[in-house]
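# A look at the structure
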Amino acid sequence: MEGSNGHGVVPNGAAHGGGGKHVEASLEALVESLRQAVIVIEEFRQDTGQDLLFKKINDSMAHLRALEEHRHEEDLMLPVEILNFIDQGKNPDLFIKESLEGCLKANERTRGKIHALQTFRDDLSTRLQELYPDEHKAYQTHIANPPPP
């Protein structure tokens with residue numbers, strides 16, 4: 001995709017501001033216009049459909065022009081994956097839901113790893129204290145009072 005920075009993000013614009021509402025409204029209008037154009041194409045009839053199809057194409061072009069006018073109003077970071085999701089005809093809200101669910105699963109895995117490491121550390125410390133009490137006491141003193149760097 002042109003403008004992609006290679007990290008799955010498409011930067012757009014330069015400044016932070018209130019222009020995001022214009023961009024959002026333009027995007028919503030464009031998506032709705034394209035959705036209507038798809039319906040017209042699917043139900044196309046040679047005798048009556050051509051004028052309506054041209055109108056929907058012109059509407060979509062007008063929405064693209066409006067979007068172009070507002071593109072520098074907001075620093076918009078849009079993941080390329082969400083564009084692919086939309087291209088597949090899927091709801092972008094599902095992309096967000098799936099992303100959040102993936103983050104929650106990764107968080108749970110990380111918590112499990114942290115818990116396992118803490119348990120291992122505690123068990124190791126207990127076992128070292130049993131087998132090497134003098135060395136363990138010296139280690140605990142060293143941990144409590146580390147030497148200056």
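Basis of the calculations
Residues numbered from 1 in each chain as written. Predicted model: local features only at pLDDT ≥ 70, side-chain atom pairs only at ≥ 80, totals over all residues. Heavy atoms only, no water. Helix = DSSP H or I, 4+ residues; strand = E, 2+ residues; numbered from the N terminus. Buried < 20%, exposed > 50% of the residue type's maximum accessible area, 1.4 Å probe, protein only. Contact = heavy atoms within 4.5 Å. Areas by Shrake-Rupley, 256 points an atom, 1.4 Å probe, with all protein chains shown as cover. Salt bridge = Lys/Arg side-chain N within 4 Å of Asp/Glu carboxyl O. Axes fitted to C-alpha atoms, helices over the stretch in contact; angles between N-to-C directions. Parallel < 35°, antiparallel > 145°, perpendicular 65-115°, else oblique. Nonpolar A, V, L, I, M, F, W, Y, C, P; charged D, E, K, R; others polar.

### Remarks on the overall build of the chain
Broken down by element type, the chain carries 5 helices and 2 strands. Start at the N end of the chain and walk to the C end: the helices and strands fall as β-α-α-β-α-α-α. Expressed as a percentage of the 149 residues in the chain, the buried residues total 15%. Of all intrachain contacts in the chain linking residues separated by at least 6 positions in sequence, the fraction that spans at least 24 positions is 67%. When the accessible area of the chain is evaluated, it comes to approximately 11,900 Å², of which 58% is carbon and sulfur surface.

### Regarding the pattern of salt bridges
When the charged atoms of two side chains lie near each other, side chains of opposite charge can form a pair. Overall, the coordinates contain 5 salt bridges when judged by the stated rule. Across the pair R35 and E32 runs a salt bridge, and its minimum N-O distance is 2.5 Å. Within this pair, R35 and its partner E32 are both found in helix α1 (residues 20-42), separated by 3 residues, close to a single helical turn. Measuring nitrogen to oxygen at the nearest pair gives 3.0 Å for the salt bridge that ties D59 to K55.

### Things to note about the packing of helix α4 (residues 92-131) against helix α5 (residues 133-144)
Contact pair α4 / α5: the axes reach a minimum separation of 5 Å and the direction vectors enclose 130°. Here α5 runs oblique to α4, going by the angle between their axes. For the pair formed by α4 and α5, the contact residues are S125, L128, Q129, E130 and L131 on the first element and P133, H136 and Q140 on the second. For the contact of α4 with α5, the class distribution of residues is 3 nonpolar, 4 polar and 1 charged.

### Focus: the environment of I82
By the element assignment, I82 lies in helix α3 (residues 80-87). A relative accessible area of 10% places I82 in the buried class. Measuring from C-alpha to C-alpha, the distance between I82 and F95 comes to 6.5 Å, with 13 residues separating the pair along the chain. If we skip the residues at most four places from it in the chain, I82 touches P92 and F95.

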